[in-house]
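Architecture and fold: a report
What follows is the residue order along each chain.
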Amino acid sequence: MKPLFLYNTASRSIEQFFSVKEKQAGMYCCGPTVYNYAHIGNLRTYIFEDVLKRVLTLNGYKVKHVLNITDVGHLTSDADSGDDKMEKGALREGKTVWQIAEHFTAKFRENAKDLNILEADVWPKATDHIKHMIEMVTILENRGFTYKTSDGIYFDTVKFPSYCDFARLEPESLRAGERVDMGEKRAPTDFALWKFSPKDQKRQMEWDSPWGVGFPGWHIECSAMSLAYLDLPLDIHCGGTDHIRVHHTNEIAQTEAATGKKFANFWMHGEFLNMGNVKMSKSGGTFITIDTVKNEGINPLAYRMFCFTAHYRSPLTFTMDGLKASAVSLGNMRKAVPPESAGTVDVSKVATLMEPFYQHVNEDLNMPRAVAALWDLLKDTSIESQVRRACAAAADDILGLDLLAAPLETKQLVTSGDGPAITFDSPVPVPDALKNVLVAKIQARRTARKEKNFKLSDEIRNALTAQNIIMKDMPDGSTECQIPSSVCANCDAVVAALS
Ligand code: AMP
Ligand code: ZN
């Protein structure tokens, strides 16, 4: 198998992956701020990181995956001003900060499970590591990297000469710009390591420290938690691209200033999921969650499939139609996997056939190409069915799409109640307008049959058939309608033709 190559943000180039300890990889991923539901944009980043972890495992690495939970200190502005997102979220929900942290952490883990994101080895919570953060700030203070203002202890970025390197910042950014409101900061890039609790307001989360009662800055949390569980340099540190400029730049500065060691060898960043032309964001208001996807009657794994339609370093624009198309292709892919049957499988043949798939995943996780390579295999009926099935199973170790599971559940009970049930069998949710027309037609046909008006009942059936909707009378008296996705996509025209 071709060796693993990954894009390293630090060098802006694709490099052959290596680890510090032979065949062991320490991976730190910036986790969710648990003040609200994770949106599917956040989850795109965690899916990319999950694929990375699976690909490292494929390449023989034992991965130690640390995914933190930010439950304090992430302010509404990255410039260390504004409210704490957690305290604001608690006010919104009318609960304590601790309650919302617990609630949204549980919800996040449920979303991750729905998306087949493998469990992290460690899920450290920021509030469980305040001691580590205070220790790190103390070291930075002793080494002369900090200064105090009336609202906190700040990192002095001018003292860290390579501060601008990682994000390729212009050195001018270290100087005060005329229009930048810096408060008492000495440079716009300086950032809070420890913030004091406001004098006029009691915070729900605050701790004693050598500098006064307060709470940690967001950036110090990730440095302290990665050091608590992984050795330096980390093999890989991940996050979304929005973290490059501020959060990861600050993590590097404070960690390297405190330890004198390199922080991470590989830095990897996932591109955004957009809605229209803008990044999906919680603060932007319009965001979609896994619950929204489920409420549309779509299996969450269809969203995982949707993420594989773009490379993780390319922006991806979300549309409901695009998600529905991915639900159809996931269903088709599961149907294309041959059923299990007796007989032995030639393992070396599977390895040879899987070569293109593995090559694509090892070329910086090129999932669109890997999925296309799997399709080529599944469609090639000259390959024995059990070998094709074994290839699907091997590919699924990376894809995590449950390809060997039964094809997606496509049946939906529409009415039960008094009369016999009506069920729709459709790979995508049936729009309400079409649903109402079909239920009315089926009820009208039942009445016609009761009245022995077979001419009318046949006319109704034929009208549906003409629209590619197959109506089946089931032995128990219920009715099932098979509705192709093209009919749902063309809903207005079909409804007009049937009305
Ligand atoms: P947060 O909970 O806001 O701290 O974000 C959690 C993770 O989601 C971080 O790695 C972010 O970089 C990432 N993220 C935020 N918005 C998006 C988006 N629209 N698309 C992809 N990743 C995102
Ligand atoms: Zn982080």
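Details of the structure are given in the entry above.
Residues numbered from 1 in each chain as written. Chains lettered and ligands numbered in written order. Predicted model: local features only at pLDDT ≥ 70, side-chain atom pairs only at ≥ 80, totals over all residues. Heavy atoms only, no water.

For the rest of this paragraph, the subject is the site of ligand 1. If you check the shell around ligand 1, you find 19 residues, and the closest are G41, T45, D242, L273 and M280. In this structure, a nitrogen atom belonging to ligand 1 sits 3.1 Å away from a main-chain N or O atom of G41. Backbone polar atom of G240 to an oxygen atom of ligand 1: 3.1 Å apart, as the coordinates give it. Elements supplying a minimum of two residues to the shell around ligand 1: α1 (40-58) and β9 (234-240). Top contributing element to the shell around ligand 1 by residue count: α1, with four residues. (Near = heavy atom within 4 Å. Polar contact = N/O pair within 3.5 Å; in protein donor to acceptor, adjacent residues only side chain to side chain. Helix = DSSP H or I, 4+ residues; strand = E, 2+ residues; numbered from the N terminus.)

Attention now goes to the pattern of salt bridges. Scanning the model with the defined rule gives 24 salt bridges in all. Taking the shortest distance from any N to any O, the salt bridge between E384 and K349 comes out at 2.7 Å. Linking E384 in the loop between α11 (367-379) and α12 (385-399) with K349 in helix α10 (residues 347-362), this pair joins segments that are 35 residues apart in sequence. Note on K349: relative accessible area 30%, which makes it partly exposed. Overlapping salt bridges, with partners in common, bring together R445, R449, R461 and D473 in one network. (Salt bridge = Lys/Arg side-chain N within 4 Å of Asp/Glu carboxyl O. Buried < 20%, exposed > 50% of the residue type's maximum accessible area, 1.4 Å probe, protein only.)

Axis separation between helix α13 (residues 432-450) and helix α16 (residues 491-498) bottoms out at 9 Å; the angle between their running directions is 25°. In terms of axis orientation, α13 runs roughly parallel to α16. Classified by chirality, the crossing of α16 by α13 is left-handed. On α16, the residues touching A433, L434, V437, L438 and K441 of α13 are C491, V494, V495 and L498. Looking at the contact of α13 with α16, its residues break down into eight nonpolar, no polar and one charged. (Axes fitted to C-alpha atoms, helices over the stretch in contact; angles between N-to-C directions. Parallel < 35°, antiparallel > 145°, perpendicular 65-115°, else oblique. Left-handed = near helix turned anticlockwise from the far one by under 90°. Contact = heavy atoms within 4.5 Å. Nonpolar A, V, L, I, M, F, W, Y, C, P; charged D, E, K, R; others polar.)

It is worth spelling out the packing of aromatic side chains at this point. Any two aromatic rings considered together are summarised by their centre-to-centre distance and by the angle between their planes. For the structure shown, the criterion picks out 16 aromatic pairs. Relative to Y61, the ring of F17 lies with its centre 5.2 Å away and its plane at 80°, an arrangement referred to as edge-to-face. Pair noted here: F17 is in the loop between β2 (13-16) and β3 (24-29) and Y61 is in the loop between α1 and β4 (62-67), with a separation of 44 residues, a long-range link. The exposure class assigned to F17 is buried, which follows from its relative accessible area of 5%. For Y61, a relative accessible area of 12% puts it in the buried group. Seen in terms of ring centroids, Y46 and F108 are 5.0 Å apart; in terms of plane orientation they differ by 75°. Their pairing is edge-to-face. Taken as a pair, Y46 in helix α1 and F108 in helix α3 (residues 97-114) lie far apart in primary sequence, 62 residues in all. In this structure Y46 comes out as buried when scored by relative accessible area, which is 8%. A relative accessible area of 3% means that F108 is categorised as buried. (Phe/Tyr/Trp six-rings, centres within 6.5 Å; stacked < 30°, edge-to-face > 60°.)

What follows is about the side chain of E221. Tracing the backbone through its elements, the reader meets E221 in helix α5 (residues 218-229). For E221, which is buried and forms no salt bridge, the nearest opposite charge comes from R203, at a distance of 8.2 Å. When near neighbours in sequence (up to four residues on either side) are disregarded, E221 contacts T70, V72, G73, A126, M133 and P216. (Lys, Arg positive; Asp, Glu negative; His and termini not counted.)

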